[in-house]
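What follows is each chain in one-letter form.
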Amino acid sequence: METDTMAHTPVNHPLRPLYRALSFLAGAFLVVFGVIGLIQTSGESFTGANDERALGLGTNLLWSILAIIIGAVVLATSALGRNLDVEANKYLGWAILVIGSYELATSRTDANFFGFTIGTVIATYLTGLVLILAGLYLKVAPRSEAGAPRQVREGRTA
């Protein structure tokens, strides 16, 4: 009996539908935010900080377009499933966290390319973390390849 194995990403998690819905909501938030931001910033500069807001969060034309693209990819992979959503959520979630960290570091400087405010940084972090969390629990596999749950492998009852 292997009880000293490393932790792994859960397969066929019972709360998978919840995580898939969270992933879908995060993608929908990004698309709605991006569309509203695109409308609000249509006459503004492409990059840099401005006074435009979308859903109460600072944005500019560049971030609005990127949010639409990222959100559309998340929505498409959430709809398709087949473990594409696992990879997309994982990589896009980390990419969003990197963007949020960059914007936090440059929020009150001329290097603020995406026009973030601190509220936008917080919303970006939360969206990235939701995508990473969903990516950890969405993996599916046939029962024959999934293996037994940890409690069964360790000889315990649930």
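The preceding data block contains the structure.
Residues numbered from 1 in each chain as written. Predicted model: local features only at pLDDT ≥ 70, side-chain atom pairs only at ≥ 80, totals over all residues. Heavy atoms only, no water.

Student: What's the story with the overall build of the protein chain in this structure? I'm lost.
Tutor: Along its length, the protein chain carries 6 helices and 2 strands. Buried residues in the protein chain amount to 36% of all 158 residues. Within the protein chain, contacts between residues at least 6 apart in sequence are counted, and of these 68% link residues at least 24 apart. Total accessible area computed for the protein chain in this model is approximately 9100 Å², and 65% of it derives from carbon and sulfur atoms. (Helix = DSSP H or I, 4+ residues; strand = E, 2+ residues; numbered from the N terminus. Buried < 20%, exposed > 50% of the residue type's maximum accessible area, 1.4 Å probe, protein only. Contact = heavy atoms within 4.5 Å. Areas by Shrake-Rupley, 256 points an atom, 1.4 Å probe, with all protein chains shown as cover.)

Student: Help me out: how do you make sense of the environment of arginine 20 in this one?
Tutor: Inspection of the secondary structure assignment puts arginine 20 in helix H1 (residues 16–40). The class of arginine 20 is partly exposed, set by a relative accessible area of 27%. Spatially, the C-alpha atom of arginine 20 lies 8.5 Å from that of aspartate 85, the residues being 65 residues apart in sequence. Apart from the residues lying within four places of it in its own chain, the contact partners of arginine 20 are Ser78, Ala79, Leu80, Gly81, Asp85 and Leu138.

Student: Would you take a moment to explain the nonpolar core for this structure?
Tutor: For soluble globular proteins, the rule of thumb is that nonpolar side chains tend to be buried together. Grouped together as the largest cluster of nonpolar side chains are 19 residues, with contacts concentrated most on Phe33, Trp63, Ile70, Phe114 and Phe116. Of all the elements in the fold, those that place two or more residues in this core are H1, helix H2 (61–80), helix H3 (84–105) and helix H4 (118–137). When residues in this core are grouped by element, the largest group, 5 residues, is from H2. Those residues in contact with phenylalanine 116, other than ones at most four positions away along the chain, are Gly58, Trp63, Ile99, Gly100, Glu103, Ser107, Val121 and Thr124. (Core = buried A, V, L, I, M, F, W, Y, C linked by side-chain atoms within 4.5 Å.)

Student: How should the side chain of glutamate 103 be read in this particular structure?
Tutor: Assignment of secondary structure puts glutamate 103 in helix H3. Despite its burial, glutamate 103 remains without a salt bridge, the nearest opposite charge being carried by arginine 108 at 11 Å. Once you skip the residues sitting within four places of it in the chain, glutamate 103 turns out to touch Ala111, Asn112, Phe113, Phe114, Gly115, Phe116 and Val121. (Lys, Arg positive; Asp, Glu negative; His and termini not counted. Salt bridge = Lys/Arg side-chain N within 4 Å of Asp/Glu carboxyl O.)

Student: Before we go on, may I ask you to explain H3 in this structure?
Tutor: In an α-helix, one full turn covers 3.6 residues, which means residues spaced three or four apart are oriented alike. For H3, spanning 22 residues, the distance from its first C-alpha to its last is 32 Å, which sits close to the expected 32 Å at 1.5 Å a residue. Against H1, H2 and H4 lie the buried residues of H3. (Expected span 1.5 Å × (residues − 1).)

Student: Looking at this structure, I do not really get the pattern of salt bridges. What am I missing?
Tutor: One side chain can pair with another of opposite charge once the charged atoms of both are near each other. Counted by the stated rule, this structure contains 1 salt bridge. Between lysine 90 and glutamate 87 there is a salt bridge, and its shortest N-O distance comes to 3.5 Å. You can see lysine 90 and its partner glutamate 87 sitting in helix H3, 3 residues apart, about one turn around the helix.

Student: Quick question: what am I supposed to make of H1 here?
Tutor: Taking 1.5 Å as the rise per residue, H1 with 25 residues should run 36 Å; its terminal C-alpha atoms sit 36 Å apart, in good agreement. Those residues of H1 that fall on the buried side of the exposure criterion are Arg16, Tyr19, Ser23, Ala26, Gly27, Leu30, Phe33, Gly34 and Gly37. Its buried side turned inward, H1 meets strand E1 (53–54), strand E2 (57–58), H2, H3 and H4.

Student: Would you explain the packing of aromatic side chains in this entry?
Tutor: Two aromatic rings are characterised by how far apart their centres lie and by the angle between their planes. Going through the model one piece at a time under the given rule, you end up with 6 aromatic pairs. For the pair tryptophan 63 and phenylalanine 116, a centre-to-centre distance of 5.0 Å together with 70° between the ring planes defines the contact as edge-to-face. Of this pair, tryptophan 63 sits in helix H2 while phenylalanine 116 is found in the loop between H3 and H4, placing the two residues 53 residues apart along the sequence. By relative accessible area, which is 3% here, tryptophan 63 ends up buried. These aromatic residues form a ring-pair network of at least three members: Trp63, Phe114 and Phe116. Over the ring of tyrosine 91 we find lysine 90, and its NZ or CZ is 5.8 Å from the ring centre. (Phe/Tyr/Trp six-rings, centres within 6.5 Å; stacked < 30°, edge-to-face > 60°. Lys NZ or Arg CZ within 6 Å of the ring centre and 35° of its normal.)

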